[in-house]
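What the coordinates show
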Amino acid sequence: MSVTTWGWLIIAFPLAGSVLIGLLFRVLPAKAAGWIGTLAIALAFACSIGALLAMLGHPAEEREFANTLYDYAGAAGIPFDLGIYVDQLSVFMALVVTGVSMLIHLYSLAYMGSDAGYRRFFSFLNFFVFSMLLLVLAGNYVLLIVGWAFVGFASYALISFWYRRRTATAAGMKAFVINVIGDIGLMFAAILLIKEIGVSDYGSVFERAPEAFTTNEWTIVAICLLLMLGAFAKSAQAPLHTWLADAMEGPTPVSALIHAATMVTAGVYLIARSYPLFTLAPTAADIAAFVGLFTLLMAATIALAVTDLKRIIAFSTMSQIGYMIVGVSIGAYSAGLFHLMTHAFFKALLFMAAGSVIAAMAAVQDIDRMRGFRRAMPFTSAALIAGALALAGFPGTSGFFSKDEILAFAATRGGMYWIFAVGGYIGAILTAFYSFRIVFRVVYGEPCEEARELEQGHIHHGEPINPATGEREDTDVGFPGPEHHIAEREWPMKVAMAVLAFGALFGGLIQIPGVTDVLESFLEPVFAASPIAAGVHVSTTDAYIGLAVGGICSLLGIGAAFYMYMVAPGSTVRLRDRFGRLHDFLFNRWYFDELIDALVYRPVVACGRFASGTFERVVVDGIVRGTSDGVGGLGTVVRTAQSGFVRFYALLVVVGLAGLGLYFLLAAS
Amino acid sequence: MGTTWYLVLSALLFAIGAGGVLIRRNPLVILLCLELMLNSANLALLAFGRHLGNADAQVFAMIVMVVAACEVVVGLGLIVAMYRRRIPLDVDENRGLRG
Amino acid sequence: MEQVAFFAGAIGALGGAIAVIALRNPFYSVLALVVHLFSLAGLFLLLHAEFVAAAQVVVYAGAVMVLYVFVAAYIGGFEEPLWDAIPGQRILAPLVAGALFVELSIAVLGSGLKSLGSEGEVIPIGFGSPEAVGRLMLERFLIPFEAASLLLLIAAVGAVVLAGRRPEPEGRVDREGMV
């Protein structure tokens, strides 16, 4: 089968799964819906492999395939078609997305077990995978926007999955609104592009772009900035990042899939895919890199202070995506994408393990209350440690190779780009610290009450209470189910976590500098036209120096965490008390929510209140009521002629007669 | 006497009748003033009739007299009915047409 | 001779008319109108309308005014209040009536009909005699004649219906004159 046929099938299976579960949800038994969903994604994964194999059958230079199902140009008047574009980048993304999604579906089979919205969950999850695949396989910017918007919707539907929880629906709306801001940027970019070049499909755009624009001409910079707006909203980079932390209201598999592995990486994909445009607008690319750097450091510092387990991991995601954005903005395309893949592995693993721990804690997410699960949950603890090692970039793990490849590239590129290398290494120390903050607090130490209960073989049962607001929840549909599932007892969770742990620990082996370069050589033809990628070559020596520095940073971070939590427990508390204001600043997430509230929300609400209160009342109502009052007033004036006095009417008659006579007299004279 | 004299007299009587209708409040007197106006019209008719030597005007004047008689009958009937029902005999008191 | 008769008739008519509108007691107004009608009958004679003059005296001053006299006696006197409910009516009404008179006079006096000043055509003998009027009525104006008699019938019936005995309705009469 041709590559593009595989491509269409990749998209078709999750869509079919979603629609099938959706249509049959009343008659389908819960488990069956789960298996259908998982099977659909597994088939999509198989098709991705099929596409890869079919593609490998072609020589390396000719691995770009486009296929169109329907051309809308005639119908809609804008140049776009229902077409996919399958090249190495798309296949890579498809493999990552379908692979990780398949494992997360497997995990959810067990994790969401007692939830009343089980079938709805799988339908939405399949729909999300379909939209994400549509996004990465789309062949033109307009279809990309379609996939983008669908993904945004799926994210909203899944964040607000427990729709009777006020905090969940608020978080869903917040995510959606911020994503829409990005969508607007993306749409304007596409409009500008179509206006300037006249086509929207990738092949033609990238061909004509160098002729249509001069370097750093304001139009192309504007287009790239608008694209970045979309990317930053979707990938939760500053200042459009505030939604990601709140999005942890969704179920843990959702956090694992959407907010760690796939949706948030859409922005990275977009920048990588549009690299010819960014090559023509180096200003925009540099701005993107700086934003990525800022987010990287900001999120890492916040992760040091927050106490909600899922939120620590969320900020970690933000930070790691900052690395990826830096990577694809400075020209380290394959390195950035490699980090995308490894991050998908270990972040999904971390979320899964966190889900298991939270289940054991009966839905409490505060790490201040979690301690010593080492004996009670050995498998989960091992998974947590594996993920943390990869996140910290411990030598030998996948994160080690991928993260440091980006930083080595930055250092090699030299000049201004040293900032990224230095910032990245500082971030690496912080990353290592906070990842082992989680490990040392959750896994080691004296077992907390729930852990002790679990050692006896009994999962702690808590009252269904919303961890954020403390309000009591009714476990009917719209709230989390009453039962909790931990990895030790459910084999699907174990299998998924094991596979991911393997990938997190050993995935780096495909890209050891100087030894293997599977990914880089595979992706190289895609980015062949980039002058940066061609001009900058990281020598093996420099690569190893970078790896060494990275390894030292990670060990530093782990060591510091070890000292503060294991050797001298309580030192972090003393630090917190001593630097109270700094801690508050970090704990409140750099007050970004308050900033946006003051800068954006309040003025808009004030405008709205002005419009509805003053403008509506005075101007609009004034016109309407003024008109009716005017007519009424006129009527009142005219009514005085209807006095009811007969003599008055007679007077009017005679006056009229006299007037008429006068007229005739004058006319005759 | 020239026809003009009769016509001017007729106009004067008509104006006096119109003024009376507008000034008086007793419906009976208003009817009387109406009679004045009708008669002045008769006078004018007959004056023109004589001027043109046409006797049609006299027939016309007879018909006017008939109509005036009918109108008087109906009007007086109304006034009697009003009096019977103790409705005040004052056109200004009866303002039912007030809008 | 003719001028004297004319002026006598004119003064009588005018005096009667002014008395009608000026006298407070309606009974006196009725009597004044009778005088006016008689004067007009005299003027009709001057205009060679003998039959019409006779009809005026017999029908109008005779029958119609007797009706008025009856009703005025039945109703009784009625003093009109001095204040005027309609503001400005007292002033406007004479003004407007005066304006009307002026206009009509201008129309008559300034008219292009040159011959108005003269006495008019030569009147044949028997111009206004009953025979001439009767002949016209029954020959040329038959239909208007019959219509007039129908009108009289309707008026008679209407009068009977209007003034016929009806049970006095209960309730007071409010200011608007509604029961």
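With that settled, the discussion passes to the overall build of chain C. Secondary structure assignment for chain C yields six helices and zero strands. Along the chain direction, N to C, the helices and strands of chain C fall in the order α-α-α-α-α-α. For chain C, with 179 residues in total, the buried portion stands at 33%. Sequence-distant contacts in chain C: of pairs separated by 6 or more residues, those separated by 24 or more amount to 53%. Within the structure as shown, chain C displays about 10300 Å² of accessible surface, and the carbon and sulfur contribution to it stands at 73%.

Below, the discussion takes up the overall build of chain B. Scanning chain B from N- to C-terminus turns up three helices and zero strands. In sequence order, the secondary structure elements of chain B are arranged as α-α-α. The C-alpha radius of gyration computed for chain B amounts to 17 Å, which surpasses the reference 13 Å derived for 99 residues by more than 25%, pointing to a less compact arrangement than a globule. Principal axes of the C-alpha set define a box for chain B whose edges measure 50 × 25 × 25 Å. Residues counted as buried form 68% of the 99 residues belonging to chain B.

The next subject is the interface of chain C and chain B. Residue-level contacts link 88 residues of chain C with 77 residues of chain B. With both sides pooled, the region where chain C packs onto chain B buries about 7900 Å², and carbon together with sulfur makes up 73% of that total. Joining chain C to chain B, the criterion identifies one salt bridge. Close ionic contact of Asp-56 of chain B with Arg-140 of chain C constitutes a salt bridge, the shortest N to O distance being 2.8 Å.

On to the domain arrangement of chain C, then. In terms of domains, chain C is made up of domain 1 (1–79) and domain 2 (129–165). Here the C-alpha centroids of domain 1 of chain C and domain 2 of chain C sit 22 Å apart.

Any two packed helices are characterised by the angle at which their axes cross and by the distance between the axes. Residues and elements named next belong to chain A. Put simply, helix 4 (residues 88–111) and helix 11 (residues 252–261) touch, their axes get as near as 9 Å, and they point 165° apart. Judged on the interaxial angle alone, helix 11 and helix 4 are roughly antiparallel. Judged by the sense of rotation from one axis to the other, the crossing of helix 4 with helix 11 is right-handed. Facing Val-100, Ser-101, Ile-104, Tyr-107, Ser-108 and Tyr-111 of helix 4, the residues of helix 11 in contact are Thr-252, Pro-253, Ala-256, Leu-257 and Ala-261.

Before going further, it helps to spend a moment on a nonpolar patch on the surface. On the surface, a cluster of nonpolar side chains totalling about 610 Å² of accessible area is made up of Phe-610, Phe-615, Val-618, Val-619, Val-620, Ile-623 and Val-624 of chain A. Residue placement: Phe-610 of chain A occurs in helix 27 (residues 592–639).

This part takes up the pattern of salt bridges. Pairing between side chains of opposite charge can happen when the charged atoms of each approach one another. Taken as a whole, this structure holds 15 salt bridges over all chains when the rule is applied. Notably, a salt bridge pairs Arg-135 of chain C with Glu-131 of chain C, separated by 3.5 Å at the nearest N-O pair. Of this pair, Arg-135 of chain C and Glu-131 of chain C both sit in helix 5 (residues 130–139), four residues apart, which is roughly one turn of the helix. Using a relative accessible area of 47% as the deciding quantity, one classes Arg-135 of chain C as partly exposed. Connected through salt bridges with shared partners, the residues Arg-165, Glu-249, Asp-308 and Arg-311 of chain A form a single ionic network.

Tallied over the full model, the rule gives 35 aromatic pairs over all chains. Centroid distance Tyr-6 of chain B to Phe-6 of chain C: 4.9 Å. Interplanar angle 75°. Geometry classified as edge-to-face. Here the residue Tyr-6 of chain B occupies a position in helix 1 (residues 3–23), and Phe-6 of chain C occupies one in helix 1 (residues 2–22), the pair thus bridging two chains. Each member of the pair, Tyr-6 of chain B as well as Phe-6 of chain C, carries the same accessibility label: buried. Ring pairing ties together the aromatic residues Tyr-118, Phe-121, Phe-122, Phe-161 and Trp-162 of chain A, which thus form one cluster.

Bringing the interface of chain B and chain A into the picture now. Taken together, the contact between chain B and chain A spans 13 residues of the former and eleven residues of the latter. Summed over both sides, the interface between chain B and chain A buries roughly 1100 Å², with carbon and sulfur atoms accounting for 62% of that surface. The interface formed by chain B and chain A includes two residue pairs in polar contact (both at pLDDT 80 or more). Along the lines of polarity and charge, the residues of the side of chain B that touches chain A split into six nonpolar, two polar and five charged.

We now examine helix 28 (residues 646–668) of chain A. Between its first and last C-alpha, helix 28 of chain A extends 33 Å over 23 residues, near the 33 Å set by a 1.5 Å rise per residue. For helix 28 of chain A, the set of buried residues is Arg-647, Phe-648, Ala-650, Leu-651, Val-654 and Ala-658 of chain A.

Another aspect to go through is the nonpolar core. All names here are of chain A. Among the nonpolar cores identified, the biggest contains 202 residues, and Phe-128, Tyr-141, Leu-277 and Phe-373 are the most heavily contacted of them. By residue number, the principal contributor to this core is helix 16 (residues 333–360), which donates 19 residues. Residue contacts for Leu-277: discarding those within four places in its chain leaves Tyr-141, Leu-193, Val-205, Phe-206, Ala-209, Ile-220, Cys-224 and Leu-227.

We now examine the side chain of Ser-40 of chain B. Residues and elements named next belong to chain B. One can find Ser-40 in helix 2 (residues 27–52). Taking relative accessible area as the criterion, Ser-40 reaches 1% and is therefore assigned buried. Ser-40 has contacts with Ser-10, Leu-13 and Phe-14, leaving out every residue within four places of it along the chain.

Looking now at a negative patch on the surface. Taken together, the side chains of Glu-61, Glu-62, Asp-517, Glu-520 and Glu-524 of chain A make up a negatively charged region of the molecular surface. Relative to the assigned elements, Glu-62 of chain A resides in the loop between helix 2 (30–56) and strand 1 (65–71).

Our focus in this paragraph is helix 16 of chain A. Between its first and last C-alpha atoms helix 16 of chain A spans 40 Å; for 28 residues at 1.5 Å apiece the expected length is 40 Å, and the two agree. Looking one or two places after helix 16 of chain A, you find Ala-362 of chain A, whose phi comes out positive at around 55°.

A word on the environment of Ala-498 of chain A. Its place among the elements puts Ala-498 of chain A in helix 21 (residues 491–506). Sequence spacing of Ala-498 of chain A and Leu-103 of chain A is 395 residues, and the spatial spacing of their C-alpha atoms is 9.8 Å.

Thresholds, definitions, all that
Residues numbered from 1 in each chain as written. Chains lettered and ligands numbered in written order. Predicted model: local features only at pLDDT ≥ 70, side-chain atom pairs only at ≥ 80, totals over all residues. Heavy atoms only, no water. Helix = DSSP H or I, 4+ residues; strand = E, 2+ residues; numbered from the N terminus. Buried < 20%, exposed > 50% of the residue type's maximum accessible area, 1.4 Å probe, protein only. Contact = heavy atoms within 4.5 Å. Areas by Shrake-Rupley, 256 points an atom, 1.4 Å probe, with all protein chains shown as cover. Rg over C-alpha atoms; globule rule 2.2 N^0.38 Å. Buried area = accessible area lost by both parts, 1.4 Å probe. Salt bridge = Lys/Arg side-chain N within 4 Å of Asp/Glu carboxyl O. Domains from an automatic or database assignment. Axes fitted to C-alpha atoms, helices over the stretch in contact; angles between N-to-C directions. Parallel < 35°, antiparallel > 145°, perpendicular 65-115°, else oblique. Left-handed = near helix turned anticlockwise from the far one by under 90°. Patch = residues over 30% accessible without salt bridge, like charges linked within 9 Å, V, L, I, M, F, W, Y side chains within 5 Å. Phe/Tyr/Trp six-rings, centres within 6.5 Å; stacked < 30°, edge-to-face > 60°. Polar contact = N/O pair within 3.5 Å; in protein donor to acceptor, adjacent residues only side chain to side chain. Nonpolar A, V, L, I, M, F, W, Y, C, P; charged D, E, K, R; others polar. Expected span 1.5 Å × (residues − 1). Core = buried A, V, L, I, M, F, W, Y, C linked by side-chain atoms within 4.5 Å. Lys, Arg positive; Asp, Glu negative; His and termini not counted. Charge placed at Lys NZ, Arg CZ, Asp CG, Glu CD.

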